[in-house]
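Below are the chains, spelled out letter by letter.
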Amino acid sequence: MDCFNAISGKTKVCGIIGDPIEHTMSPVMHNAAFREMGLDYVYVPFRVAAAELEKAIAGMRALNLRGLNVTIPHKVSVIPLLDSLDTTAEKIGAVNLIVNDGGQLTGYNTDADGFLRALLEHGFTPEEKKAVILGAGGASRAVSFSLARHGAQVTILNRTLKRAAEMAEWLTKEFGSGVTVAELNENNLGSALEQADLLVNTTSVGMSPHDKETPVPAGLLRPGITVFDIVYNPLRTRLIQEAEAAGAGTILGIEMLVFQGALIFTRWTGKPAPVALMRKQAIKALGYEEK
Ligand code: ATR
């Protein structure tokens, strides 16, 4: 039975707020998961302009929505509108999930833990490993926080050195261990990657429609390094393809999307998420058939 035909007065309503929202894959992933698990939930996208955020959150309370995902441009500005924050969201300073427990709105950030779970599921434990992170934007904040928290030695390379330096200062204050920074260029990449166990691309370089681009020259990739490109469109970026060809380990960006989605599913429903199904649906929504 189609889940939308089964919507009733008891159905719990979840969704996502952002602007733009047309390309989100979350509804497909979550509705399939609810259906698979036989849960009376539905997930809908809401396009909410920045100026309407306050009203949208008041609406969430009034309509008694069970939960909302939060995406660009609301991840930071939503914080003062909530009743409480979990520690990770507070430290990262961004919320990607709101849970409504009987009128009490709590903000979470599942990006950091979604990234970590994707790493662990692929057999990579960050403790004492040398990790090179490309980029110093919002996504890098969650990734570098997660790696530093779990004991990796972090190097951040960014086009704009100042942003990387600010991030390093924050992480050092938070965890006490030193974080190395440098400008993102071939020279610095070369020396950082010589010793690295893990390379994470959090920049938008290589993202569709610029999928012929890569942030790392292929000649710097080698066996013994795991390459995690958090770009998931295209599914296999040029960086991932060249890493595979060089004999490096690879983790696709879709894995972070799926595992942060799985954490959200469990927060809302209290049930383990059907991860394989969520991955299949996300890949399908991207326009690919799973191999
Ligand atoms: P997100 O929230 O997805 O991380 P963001 O905060 O806009 O988005 O950050 C984008 C990241 O990609 C930044 O690190 C940016 O580098 P700058 O800080 O120098 O802007 C990086 N980036 C984007 N386009 C890039 C390019 N063509 N070359 C190198 N880095 C790029």
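Residues numbered from 1 in each chain as written. Predicted model: local features only at pLDDT ≥ 70, side-chain atom pairs only at ≥ 80, totals over all residues. Heavy atoms only, no water.

*Asks:* Any chance you could explain the site of the ligand here in plain terms?
*Replies:* Around the ligand, the structure places Gly135, Ala136, Gly137, Gly138, Ala139, Asn158, Arg159, Thr160, Arg163, Thr203, Ser204 and Val205. Interatomic distance of 2.9 Å between a side-chain N/O atom of Arg159 and an oxygen atom of the ligand. Burial of the ligand by the protein amounts to 65% of the accessible area it has alone, namely 640 Å². Class assignment for the residues of the shell around the ligand results in three nonpolar, seven polar and two charged. (Near = heavy atom within 4 Å. Polar contact = N/O pair within 3.5 Å; in protein donor to acceptor, adjacent residues only side chain to side chain. Areas by Shrake-Rupley, 256 points an atom, 1.4 Å probe, with all protein chains shown as cover. Nonpolar A, V, L, I, M, F, W, Y, C, P; charged D, E, K, R; others polar.)

*Asks:* Hey, could you run me through the pairing of strand β1 (residues 12-18) in this one?
*Replies:* Side chains on a regular strand alternate between the two faces of the sheet. Burial analysis of β1 places five of its seven residues in the buried class, the great majority of the element. Sheet analysis places β1 next to strand β2 (residues 41-47), joined by seven bridges and oriented parallel. When the bridges of β2 are listed, Lys12 appears paired with Tyr41. With respect to chirality, the unit in which β1 leads through helix α1 (residues 26-36) into the neighbouring parallel β2 is right-handed. With four bridges joining them, β1 and strand β3 (residues 67-70) adopt parallel strand pairing. Residue pairing for β3: Gly15 is matched across the bridge by Leu68. (Buried < 20%, exposed > 50% of the residue type's maximum accessible area, 1.4 Å probe, protein only. Helix = DSSP H or I, 4+ residues; strand = E, 2+ residues; numbered from the N terminus. Pairing = 2+ DSSP bridges. Right-handed = clockwise from strand over helix to strand, strands pointing away.)

*Asks:* When you look at the pairing of strand β10 (residues 198-201) in this model, what are you seeing that I'm missing?
*Replies:* Side chains Leu198 and Val200 project from β10 onto one buried face, and the interleaved Leu199 and Asn201 project onto a second face that is buried too. Alignment of strand β7 (residues 130-134) against β10, held across four bridges, turns out to be parallel. Looking at the pairing, Ile133 lines up with Val200 of β10. The pairing of β10 with strand β11 (residues 226-229) spans four bridges and is parallel. Directly across from Leu198, in β11, lies its bridge partner Thr226.

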